[in-house]
Amino acid sequence: MLIDLRSDTFTKPTAPMLEAMMNAEVGDDVFAEDPTVNALQEKGAAMFGMEAALFCPSGTMTNQIAIAVQNRAGDEVICDKLSHIYNYEGGGIAVNARASVRLVEGENGLIDPSQVGININPRLDAHYAMSNMLAIENTCNKGGGTIYKLDRIAALSKVAKEHNLKFHLDGARVFNALVETGEDATQYGKYFDSISICLSKGLGAPIGSLLLGSKDLIVQAHRKRKMMGGGMRQAGYIAAAGLYALENNVERLKEDHARARQIKDVLLKAHYVNEVKPVETNILIFSLNDNVEPAKFIDALDQQGIKAINFGGQLVRFVLHLDITQAMTDKVCEVLSELSI
Ligand SMILES: *Cc1c(COP(=O)(O)O)cnc(C)c1O
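Keep in mind it's a predicted model, so treat the numbers as computed, not measured.

S.K.: Can you explain the state of the cysteines? Please cite residues and give values.
M.R.: Within this structure, the stated rule accounts for 0 disulfides. Cysteine Cys-56 remains unbridged, with the sulfur of Cys-198 as its closest cysteine sulfur at 11 Å. On the accessibility criterion, Cys-56 (0% relative accessible area) is buried.

Take a look at the structure:
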């Protein structure tokens, strides 16, 4: 029994998901003629109160398209220093949008509305890049799966509008936030200009992300996707997995959150742990004591069939997801409490 806690990207399609994929009706999506892709796009847009959507191969592509079509060369994107768009997209903002990045130091990856104004450059002074976009990540992966609640999103949206900034959401794990807070996803549409959501994280689809926005934005995004080589043909086979995921795997994310808290309680008592970051959703980030080598700790877990990743320095990350059962969670707790290192 392999227990893979490295990421919620490791989920594999279940039998009913594969069946939905096998039975998908398909067409050429570059011609917008794939009925399953169209259904997925319509469903995604409606869920978030947005006009339109575009199905893309990855979350990196949806983020990069959103950033590229809404910024010009020399613009500046304001985001938290822990954000995925800055840390984990290969420096794509510099290449795809030719824009610069202004890093804000929020609390566990969450930007406070009061931090936005002070990071906007003077518009009429040619020394500065043009502040043009505010981008947030909900939940914030590197922050430990932290949640932006709707009231903070509303306040950030207000500041963005006041300063003429586009407002983008990297919502790779937005459903983890929504099931935990019980907030209404349709509210999101009125706050953001663009939203990226991942179907291949905890929702369990093998591939795929959606970019949501206005009709006009999605027309531009469609062109950009083609240019990047992301126009897919009979993509309905994978879109079917996304539809299945949205219909069946959203509510159950709560189980992952409960399991993350169960493991957290064990870590808090473990003699080799220095600190556990607040656990709000399915991600656990903790630091090991200085005398514990992360590579040794990860190796010790590996020998018990548990996979985890080093998250820089003394930090280790565990991610709960669809393929981690209650029995596996109990096993992880047992191993962690008995580990001698
Ligand atoms: C996974 C992830 C993405 C997109 O990643 P892809 O692997 O390109 O699908 C974007 N943002 C965050 C926060 C993520 O965790």
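Still more ground to cover, so stick around.
S.K.: Account for the site of the ligand, naming residues and giving values.
M.R.: Around the ligand, the structure places Ser-58, Gly-59, Thr-60, Asn-63, His-84, Glu-89, Glu-137, Asp-170, Ala-172, Arg-173, Cys-198 and Lys-201. Arg-173 is positioned with one of its side-chain polar atoms (N or O) 2.9 Å from an oxygen atom of the ligand. When the ligand sits alone it has 380 Å² of accessible area, and the protein chains cover 84% of it. The site holding the ligand turns out to be the largest pocket. A per-element tally of the shell around the ligand places helix α3 (residues 59-70) first, with 3 residues. Residue composition of the shell around the ligand, by class: 2 nonpolar, 5 polar and 5 charged.

S.K.: Could you give an account of the environment of Asp-28, with specific residues and numbers?
M.R.: Counting through the fold element by element, Asp-28 comes out in the loop between α1 (15-22) and α2 (35-47). Assessed through its relative accessible area of 19%, Asp-28 is described here as buried. Once the C-alpha coordinates of Asp-28 and Gln-234 are considered, the two residues, 206 residues apart in sequence, prove to be 5.2 Å apart. Apart from residues no more than four positions distant in its own chain, Asp-28 is found in contact with Glu-33, Asp-34, Met-232, Arg-233 and Gln-234. Within the structure, Asp-28 has its side chain in polar contact with the backbone nitrogen of Val-30 (distance 3.0 Å).

The rules behind these values
- Residues numbered from 1 in each chain as written.
- Predicted model: local features only at pLDDT ≥ 70, side-chain atom pairs only at ≥ 80, totals over all residues.
- Heavy atoms only, no water.
- Disulfide = S-S within 2.5 Å.
- Buried < 20%, exposed > 50% of the residue type's maximum accessible area, 1.4 Å probe, protein only.
- Near = heavy atom within 4 Å.
- Polar contact = N/O pair within 3.5 Å; in protein donor to acceptor, adjacent residues only side chain to side chain.
- Areas by Shrake-Rupley, 256 points an atom, 1.4 Å probe, with all protein chains shown as cover.
- 1 Å grid on protein atoms, 1.4 Å probe; cavity = no way out; pocket = protein on both sides within 12 Å on 5 of 7 lines; lining within 4 Å.
- Sits in = over half its atoms within 2 Å of the grid points.
- Helix = DSSP H or I, 4+ residues; strand = E, 2+ residues; numbered from the N terminus.
- Nonpolar A, V, L, I, M, F, W, Y, C, P; charged D, E, K, R; others polar.
- Contact = heavy atoms within 4.5 Å.

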